[in-house]
Amino acid sequence: MIKKFTTFYRHIIEEERKIPEATGQLSDLLSDIALACKVLSQEVNRAGLIDILGFTGQVNIQGEEVKKLDEYANDILTYSMQQGGHACAVCSEESEEFVPIDAKYQEKILHNKYIVHFDPLDGSSNIDANISIGTIFSIYKRISKSGPGTMEDCLQKGIEQVAAGYCVYGSSSILVYTAGKGVHGFTLDPSVGEFLLSHSNMKIPKKAKTYSTNDGNYSKWSKGMQRYIDYLKEKDKETERPYSSRYVGSLVADFHRNLLYGGIFIYPADEKNKNGKLRLMYEANPLSFIIEEAGGRSSNGKDRILELQPESLHQRTPLFIGSEQDVKLAEKFLTGKE
Ligand code: AFP
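Novice: Account for the overall build of the chain, with residues named and values stated.
Specialist: Helix and strand counts for the chain come out as nine helices and 15 strands. Here the C-alpha atoms of the chain give a radius of gyration of 20 Å, agreeing with the 20 Å that 2.2 N^0.38 yields for 338 residues. Expressed along its principal axes, the backbone C-alpha trace of the chain runs to roughly 60 × 50 × 45 Å. Restricting to contacts in the chain with at least 6 residues of sequence separation, those with at least 24 account for 65%. If you sum the accessible surface of the chain, you get close to 16,300 Å²; carbon and sulfur atoms cover 49% of it. Distance between charge centres in the chain, computed from 41 positive and 46 negative side chains, equals 6 Å.

Quick look at the structure:
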């Protein structure tokens, strides 16, 4: 029987009470996101039944079209932000344009002061194989004063994030977040429908023995990148090589594993993807905020991700993220210093 537990909501409220000027809006916003993640966790668990209960894209028994899970995730997250009244814009990996939101409350304190970015269902090509996927989110304060958010509000550097997190839908669902005061993880107890604190103040080991990358792209990589991976595969007792390789193909799942046990996740630039594959605003920035809070490091192979000035919503970036010493070493190879 559970004797002592802290729910996600209790935790964010307690954190909020430590800040005298806090209005409670960020807590409300985070709890709206957590609720959407609970709904998505339920839907992801049922994904295998879709073939039995109706294909996506088909019309179901009520005459409604069965939505693809990633579209559904996008809709529910956007809807919950529109209803909550705390966001002035939602940006999503699934939508070309951002969705501006007008103020719901007119009072001075409770205006729509946040911008929220989502990757609604990261790793969605893994859904049909029952492999872990997840939702990634990131929150900024608006720059404009009132009304619906603007493009300038949406295109802020990662360093401006006030909170970021993700939920992995795996063997259990876990919600991990930071609001700049440590990284905390909450496992969903489906019997009571609550995220319960399971990982307080998470820290990533400074050095690891695991790398996560798509090795199949080796022939398309730069010489520096090839030499780095060759180095990790060499035998050397003193530097604990060779490293192990772990690659799920869902960034959130690979990232989460490395956060817990140590490791480096790499999606470099290659011949085909000159700027890498992953999105700065939806994937790299939120995970970089989390990794730095957990004592790790994140870069594009040269520069700190959180300091990159975004130029467009769907901008891509190479990503080297994880244990500090491993990311530093990768940067040396990539910049020709090793
Ligand atoms: P999907 O959402 O299309 O499955 O893409 C997942 C992803 O953006 C990220 O989660 C993975 O780390 C990466 O792509 C995998 O890319 P490769 O298939 O090129 O290795």
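Once you've had a look at it, read on.
Novice: How would you sum up the site of the ligand? Please name residues and give values.
Specialist: Taken together, 14 residues surround the ligand, and among them Ser125, Asn214, Tyr247, Leu251 and Tyr267 come closest. The contact in question runs from an oxygen atom of the ligand to an N or O atom on the backbone of Gly123, over 3.1 Å. At 3.4 Å, a side-chain N or O of Glu283 approaches an oxygen atom of the ligand. Considering the ligand on its own, with 480 Å² of exposed area, one finds that the protein chains cover 76% of that surface. Residue composition of the shell around the ligand, grouped by class: five nonpolar, six polar and three charged.

Novice: Explain the sheet that holds strand β10 (residues 244-245) to me, using residue names and the numbers behind them.
Specialist: On the basis of which strands lie adjacent, the open sheet formed by five strands has the order β10-β9-β11-β15-β13 and mixed pairing. Strands with a single pairing partner mark the edges of an open sheet, and in this sheet they are β10 and β13 (297-299). In this sheet, β10 lies alongside strand β9 (residues 210-212) in parallel orientation, the contact comprising two bridges. When the bridges of β10 are listed, Tyr211 appears paired with Ser245. Helix α6 (residues 223-233) rests against β9, β11 (264-267) and β15 (319-322) of the sheet, and its axis sits at about 150 degrees to β11.

Novice: Help me get a handle on the sheet that holds strand β1 (residues 87-92), residues and values and all.
Specialist: Strands sit in the order β2-β1-β3-β4-β5-β6-β7-β8 across an open sheet of eight strands; the sheet is mixed. In this open sheet, the two edge strands, each paired with only one partner strand, are β2 (99-100) and β8 (194-199). On the sheet, helix α4 (residues 69-84) packs against β1, β2, β3 (114-122) and β4 (133-141) and is oriented at approximately 160 degrees with respect to β3. Strands β1, β3, β4, β5 (163-169), β6 (173-178) and β7 (183-189) of the sheet are contacted by helix α8 (residues 280-293), whose axis makes an angle of about 80 degrees with β4.

Novice: With reference to specific residues and values, describe the pairing of β1.
Specialist: The element β1 is extensively covered by neighbouring structure, given that six of its six residues are classed as buried. Here β1 pairs with β3 via five bridges, running parallel. Residue pairing for β3: Cys91 is matched across the bridge by His117. Pairing between β1 and β2: two bridges, direction antiparallel. Each residue of the ladder has a partner; that of Ala89, found in β2, is Pro100.

Novice: Give me the pairing of β6: which residues, what numbers.
Specialist: β6 sits mainly inside the fold: six of its six residues count as buried. Of the two faces of β6, the one carrying Ser173, Leu175 and Tyr177 and the one carrying Ile174, Val176 and Thr178 are both buried. Taken together, the six bridges between β5 and β6 define a ladder with antiparallel strand orientation. Bridge pairing in β6 links Val168 to Ile174. Counted along the chain from β5 to the antiparallel partner β6, the turn is three residues long.

Reading the values: rules and limits
Residues numbered from 1 in each chain as written. Predicted model: local features only at pLDDT ≥ 70, side-chain atom pairs only at ≥ 80, totals over all residues. Heavy atoms only, no water. Helix = DSSP H or I, 4+ residues; strand = E, 2+ residues; numbered from the N terminus. Rg over C-alpha atoms; globule rule 2.2 N^0.38 Å. Contact = heavy atoms within 4.5 Å. Areas by Shrake-Rupley, 256 points an atom, 1.4 Å probe, with all protein chains shown as cover. Lys, Arg positive; Asp, Glu negative; His and termini not counted. Charge placed at Lys NZ, Arg CZ, Asp CG, Glu CD. Near = heavy atom within 4 Å. Polar contact = N/O pair within 3.5 Å; in protein donor to acceptor, adjacent residues only side chain to side chain. Nonpolar A, V, L, I, M, F, W, Y, C, P; charged D, E, K, R; others polar. Pairing = 2+ DSSP bridges. Axes fitted to C-alpha atoms, helices over the stretch in contact; angles between N-to-C directions. Buried < 20%, exposed > 50% of the residue type's maximum accessible area, 1.4 Å probe, protein only.

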